[in-house]
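So you can see what is in the structure, the chains are spelled out below.
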Amino acid sequence: MEPLIKIRDLDVIFPIGKSGFFGKPTAYLQAVSGISLDIHKRETLGLVGESGSGKTTLGRAILHLEKPTRGKVEFHLDDEYVDLEDLNTKGLRKIWRHMQMVFQDPYASLNPRMTVREIIAEPLVVNRIGNKNGILEKVEKVAEMCGLQRDQLGRYPHAFSGGQRQRIAIARALALMPQFIVSDEPVSALDVSIQAQILNLFKDLQNKLGLTYLFIAHDLATVAHVCDRVAVMYLGQIVELTETERIFYSPKHPYTEALMSAIPDIDPDRKMKPVLSSGELPNPANPPSGCRFHTRCRYMEPYCREAQPELNEIMAGHFVACHRAESLTLQGAVE
Ligand code: SF4
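Residues numbered from 1 in each chain as written. Predicted model: local features only at pLDDT ≥ 70, side-chain atom pairs only at ≥ 80, totals over all residues. Heavy atoms only, no water.

Thoughts on the overall build of the chain
Then comes step 1: In terms of regular secondary structure, the chain is built from 9 helices and 12 strands.
Then comes step 2: For 335 residues, the compact-globule estimate of 2.2 N^0.38 gives 20 Å, and the chain sits close to it at 21 Å.
Then comes step 3: Along the first, second and third principal axes, the C-alpha set of the chain runs to 65 × 55 × 45 Å.
Then comes step 4: The buried share of the chain, reckoned over its 335 residues, is 50%.
Then comes step 5: Across the chain, the fraction of contacts at a sequence separation of at least 24, relative to all contacts at a separation of at least 6, is 65%.
Then comes step 6: Accessible surface computed for the chain: about 16300 Å², of which carbon and sulfur atoms make up 48%. (Helix = DSSP H or I, 4+ residues; strand = E, 2+ residues; numbered from the N terminus. Rg over C-alpha atoms; globule rule 2.2 N^0.38 Å. Buried < 20%, exposed > 50% of the residue type's maximum accessible area, 1.4 Å probe, protein only. Contact = heavy atoms within 4.5 Å. Areas by Shrake-Rupley, 256 points an atom, 1.4 Å probe, with all protein chains shown as cover.)

Some thoughts on the side chain of His76
Then comes step 1: The residue His76 is located in strand β4 (residues 70-77) in this model.
Then comes step 2: By relative accessible area, His76 is classed as buried at 8%.
Then comes step 3: Among the polar contacts made by the side chain of His76, one reaches the side chain of Lys41 at a distance of 2.8 Å.
Then comes step 4: Apart from residues lying up to four places away in sequence, His76 is in contact with Glu2, Pro3, Leu4, Lys41, Tyr81 and Gln179. (Polar contact = N/O pair within 3.5 Å; in protein donor to acceptor, adjacent residues only side chain to side chain.)

Re the sheet that holds strand β6 (residues 99-102)
Then comes step 1: Strand order across the open sheet formed by 8 strands is β6-β7-β8-β3-β9-β10-β12-β11, with mixed pairing between neighbours. The open sheet has two free edges, formed respectively by β6 and β11 (312-315), since each of these has just one partner strand. Between one strand axis and the next, the sheet turns by 25° as a mean value, whatever way the strands run.
Then comes step 2: Bridge count for strand β9 (residues 229-234) against strand β10 (residues 237-243) is 6 bridges, and the pairing is antiparallel. (Pairing = 2+ DSSP bridges. Axes fitted to C-alpha atoms, helices over the stretch in contact; angles between N-to-C directions.)

A few points about the site of the ligand
Then comes step 1: Around the ligand, the structure places His253, Pro254, Cys291, Phe293, His294, Cys297, Tyr299, Met300, Cys304, Cys322, His323 and Arg324.
Then comes step 2: Residue composition of the shell around the ligand, by class: 8 nonpolar, 3 polar and 1 charged. (Near = heavy atom within 4 Å. Nonpolar A, V, L, I, M, F, W, Y, C, P; charged D, E, K, R; others polar.)

Notes on the packing of helix α3 (residues 116-126) against helix α5 (residues 162-174)
Then comes step 1: Running from N to C, α3 and α5 point in directions that differ by 30°, and their axes come no closer than 7 Å. With respect to their mutual orientation, α3 and α5 come out roughly parallel. α3 and α5 meet at a crossing whose hand is right-handed. Residues Val116, Ile119, Ile120 and Pro123 of α3 lie in contact with α5, whose contacting residues are Ile168, Ala171 and Arg172.
Then comes step 2: A per-class count over the contact of α3 with α5 returns 6 nonpolar, no polar and 1 charged. (Parallel < 35°, antiparallel > 145°, perpendicular 65-115°, else oblique. Left-handed = near helix turned anticlockwise from the far one by under 90°.)

Structural notes on the environment of Trp96
Then comes step 1: Summarising the element assignment, Trp96 is placed in the loop between α2 (89-95) and β6.
Then comes step 2: Of the residues examined, Trp96 reaches a relative accessible area of 23% and is grouped as partly exposed.
Then comes step 3: Counting along the chain gives 82 residues from Trp96 to Pro178, while the straight-line C-alpha distance between them is 8.0 Å.
Then comes step 4: Discounting residues that sit within four places of it in the chain, Trp96 has contacts with Leu63, His64 and Leu65.

With respect to the pairing of strand β3 (residues 44-48)
Then comes step 1: In terms of residue burial, β3 counts as a mostly covered element, since 5 of its 5 residues are buried.
Then comes step 2: On β3, burial covers both faces: Thr44, Gly46 and Val48 on one face and Leu45 and Leu47 on the other are all buried.
Then comes step 3: Relative to strand β8 (residues 212-216), β3 runs parallel, the two sharing 4 bridges. Residue pairing in the sheet places Thr44 in a bridge with Tyr213 of β8.

Quick notes on the pattern of salt bridges
Then comes step 1: Following the criterion strictly, the structure yields 11 salt bridges and no others.
Then comes step 2: Residue Lys41 is joined to Glu2 by a salt bridge in which the shortest nitrogen-to-oxygen separation is 3.2 Å. Here the residue Lys41 occupies a position in the loop between β2 (25-40) and β3, and Glu2 occupies one in the segment before β1 (3-18), the gap between them amounting to 39 residues.
Then comes step 3: Overall, the relative accessible area of 27% leaves Lys41 in the partly exposed class.
Then comes step 4: In this structure, Arg70 and Asp11 form a salt bridge, with 2.9 Å as the shortest nitrogen-oxygen distance. You can see Arg70 sitting in strand β4 and its partner Asp11 sitting in strand β1, a full 59 residues away along the chain.
Then comes step 5: Of the residues examined, Asp11 reaches a relative accessible area of 8% and is grouped as buried. (Salt bridge = Lys/Arg side-chain N within 4 Å of Asp/Glu carboxyl O.)

Here we look at the pairing of β10
Then comes step 1: Buried residues dominate β10, accounting for 6 of its 7 residues.
Then comes step 2: Where β10 and strand β12 (residues 318-320) come together, 2 bridges link them in antiparallel fashion. Looking at the pairing, Glu240 lines up with Val320 of β12.

Written out as structure tokens, the structure reads:
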């Protein structure tokens, strides 16, 4: 399948701490470390991991809302790949018409002083796309696609529930008819009863418009519901990447095993033994040597402390970063 987005050796490093008022940073936090990944056209790629694993930073770096420190992101547009690193601010604004983001908190991401019509129209106005009537027509069309009624468009965000606000945020992201959307925990702030409606809306829009999603989530049941493939992140690195079903039924990385075994109710037939990783997530500013997971891994061997495992393809389409991936029988394996 042709990639819509190619990510190569991506690093995002933040300076932290300062010695004195104007001093140099005393440390650096590598939020994203050496990530290479293809996102295929029309797929939903899930990105999972604990808080602090770098998921949101990776999503923002792909859009260049956070400038990568190293590496590149290429976007397929008009039969060629555009390297976002080569674009100035004007060029980035143009490419953002095709790449949008939906945020976690629909309460914080909408301007309370704008009507729904103005909120959805804003990207079209800023990018000078169409005349007034054309813009209003487009706003009504995307609002309808997102399940909003025409008579709701003159209201302000405070008049809407969380689920409806997320519909408004999705409509705004869709106004420019993008090809790619990064959805950062788009349902985690919503009531459980509303989550399924919004997830179904994402799927429906994908079918209608051929969208490609990067779906960032910590709720693995949500990921199982919507994603074609899943990438598992740990301390800024991808440790496993494969089809959703394989991630849930036959994970190969010990960290994925611990994550997946923590959700026994996803399928009553899936009998995975609970496996817990010991300890807390290490400080990302000072990650462990060798395999970053070695301080919590029940299968750790002394050499795991020395060399960092590469993300290798151990079978077609299944990538794992573990020295023992091919020989290990995971204790939480599905019975
Ligand atoms: Fe565990 Fe070693 Fe594999 Fe890291 S490389 S996940 S420490 S077995």
